[in-house]
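# Examining the three-dimensional arrangement
Residue-level listing of the chains:
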Amino acid sequence: MIQDEGNKLVAKPKTGVMPQKKVKNLSKLRLNPDDFGLTAFYPAVNLKVELGDIIEIDRTLFSHWAIYAGDNNVIHVCGMNNEDLPTETGVIKLEKLEDVAGFSRVRVNNKEVPAKERNLVPLAPNQVVARAKAFVGKVVEYNLLTSNCEHYVTEWKYGKGWSDQASVALSVNKTLKKDCQIGHNLLLKSLNSVLYSPVSPTNLARTPSSEKNAPSFSC
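Residues numbered from 1 in each chain as written. Predicted model: local features only at pLDDT ≥ 70, side-chain atom pairs only at ≥ 80, totals over all residues. Heavy atoms only, no water.

Let us look at the overall build of the protein chain. The helix and strand tally for the protein chain stands at 6 helices and 8 strands. Here the protein chain holds 219 residues, and the buried ones make up 41% of them. Split by element, the accessible area of the protein chain, about 13400 Å² in all, is 55% carbon and sulfur. (Helix = DSSP H or I, 4+ residues; strand = E, 2+ residues; numbered from the N terminus. Buried < 20%, exposed > 50% of the residue type's maximum accessible area, 1.4 Å probe, protein only. Areas by Shrake-Rupley, 256 points an atom, 1.4 Å probe, with all protein chains shown as cover.)

Below you can see the structure in the form of structure tokens.
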């Protein structure tokens, strides 16, 4: 670089540092959860929720799902001993949100974007809750790939059940789809081996406080 110092032209050595360009609208480069109808996860006691909302509970390795039924109650499917991942059958329970969430954080996730992709619209809140309450106390089929907790809440909310988590698992390992029961057992064994290890962050996620009935789901 040449600089004029008085009447002399003096060569200045290059520093090797290039000037940094300012990036305009940097915020547009970041993924904004609000663009997908999502918010951050909060402690259950701080959640702002409305009747019929789908609640996502962060279990670190997966999400548990429930329908808000009012008065701080949720309806969800779990195991007979309150485990999030039943083996073959689950039970539909009406419980306090704080009890189901335990130490996990939660958020409202009505799955509006995937519902729109499926041309689905939500049912009226009272109807959503009524559909869910009709299952309370019933023993139902449970399969991680075909009828997990996410299938049930989307069925109650939109009239058609699906699971994005199951879809991801099937896309990663297509062999799971050849036999959904074998796939369920494989995933269940793998998840439980991590979830119930002494160092698992989800091991203490929740303290535990007939006829099969299930919507028709597909693998």
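With respect to the element layout, Gln-165 can be found in helix H5 (residues 164-172). The partly exposed category is assigned to Gln-165, whose relative accessible area is 29%. Between the C-alpha atoms of Gln-165 and His-151, which are 14 residues apart in sequence, the distance is 9.7 Å. Contact partners of Gln-165, with chain neighbours within four places excluded, come to Phe-62, Ser-63, Trp-65 and Glu-150. (Contact = heavy atoms within 4.5 Å.)

Low pLDDT marks regions whose predicted coordinates should not be analysed in detail. On average, residues of the protein chain carry a pLDDT of 76, and 61% of them reach 70 or more. Across the protein chain, element-level confidence peaks in helix H3 (residues 125-133) with a mean pLDDT of 98 and bottoms out in strand E1 (residues 2-5) with 52. The model gives residues 20-32 a pLDDT under 50, and that stretch makes 1 contact with residues more than four places away or in other chains. Throughout residues 207-214 the model reports pLDDT below 50, and contacts reaching past four residues in sequence, or to other chains, amount to 19 contacts. (pLDDT = per-residue confidence, 0-100.)

The next thing to look at is the sheet that holds strand E8 (residues 139-141). What the 6 strands build is an open sheet, ordered E7-E3-E4-E5-E6-E8; its pairing is antiparallel. On the outer flanks of this sheet lie strand E7 (106-108) and E8, each paired with one strand and no other. Across the sheet, the mean angle separating the axes of adjacent strands is 35° when strand polarity is ignored. Bridge count between strand E4 (residues 63-70) and strand E5 (residues 73-78): 3 bridges; the pairing is antiparallel. Each residue of the ladder has a partner; that of Tyr-68, found in E5, is Val-74. (Pairing = 2+ DSSP bridges. Axes fitted to C-alpha atoms, helices over the stretch in contact; angles between N-to-C directions.)

Turning our attention to unusual backbone geometry. Here Thr-60, not a glycine, exhibits a phi torsion of approximately 75°, which is positive. With respect to the element layout, Thr-60 can be found in the loop between strand E3 (54-58) and E4. Residue Asp-71 is not a glycine yet carries a positive backbone phi of 55°. Inspection of the secondary structure assignment puts Asp-71 in the loop between E4 and E5. On the basis of relative accessible area, Asp-71 is assigned to the exposed category, the value being 68%.

Grouped together as the largest cluster of nonpolar side chains are 24 residues, with contacts concentrated most on Val-77, Ile-92 and Trp-156. For this core, the secondary structure elements donating two or more residues are E4, E5, H3 and helix H4 (149-158). With 5 residues, the top contributor of residues to this core is H4. Excluding anything up to four places from it in sequence, Ile-92 contacts Ile-75, His-76, Val-77, Ala-132, Phe-135, Val-136, Gly-137, Lys-138, Val-140 and Trp-156. (Core = buried A, V, L, I, M, F, W, Y, C linked by side-chain atoms within 4.5 Å.)

What follows is about the packing of aromatic side chains. A ring pair, where both rings are aromatic, is described by two values, the distance of the centres and the angle of the planes. Scanning the model with the defined rule gives 3 aromatic pairs in all. Consider the rings of Phe-135 and Trp-156, whose centres lie 5.9 Å apart with planes at 45°: the pair is tilted. Placement of the pair is Phe-135 in the loop between H3 and E8 and Trp-156 in helix H4, with a sequence separation of 21 residues. Through successive ring pairs, a cluster of aromatic residues spans Phe-135, Tyr-152 and Trp-156. For the cation-ring pair, Lys-138 lies above Phe-135, with the distance from its terminal atom to the ring centre recorded as 5.6 Å. (Phe/Tyr/Trp six-rings, centres within 6.5 Å; stacked < 30°, edge-to-face > 60°. Lys NZ or Arg CZ within 6 Å of the ring centre and 35° of its normal.)

Pairs may arise between side chains of opposite charge once their charged atoms sit close together. Per the counting criterion, the structure on display carries 6 salt bridges. A salt bridge links Lys-111 to Glu-150; the nearest nitrogen and oxygen atoms lie 2.8 Å apart. One end of the pair, Lys-111, is in the loop between E7 and helix H2 (112-117); the other, Glu-150, is in helix H4, and 39 residues separate them in sequence. Assessed through its relative accessible area of 0%, Glu-150 is described here as buried. Salt bridges here are not isolated pairs; linked through shared partners, they connect Lys-111, Arg-118, Glu-150 and Asp-164. (Salt bridge = Lys/Arg side-chain N within 4 Å of Asp/Glu carboxyl O.)

Another aspect to go through is the environment of Pro-122. The residue Pro-122 is located in the loop between H2 and H3 in this model. We classify Pro-122 as partly exposed; its relative accessible area is 46%. Along the chain, Pro-122 and Trp-156 lie 34 residues apart, while their C-alpha atoms are 9.1 Å from each other. Leaving out residues up to four positions away in the same chain, Pro-122 has contacts with Lys-157 and Tyr-158.

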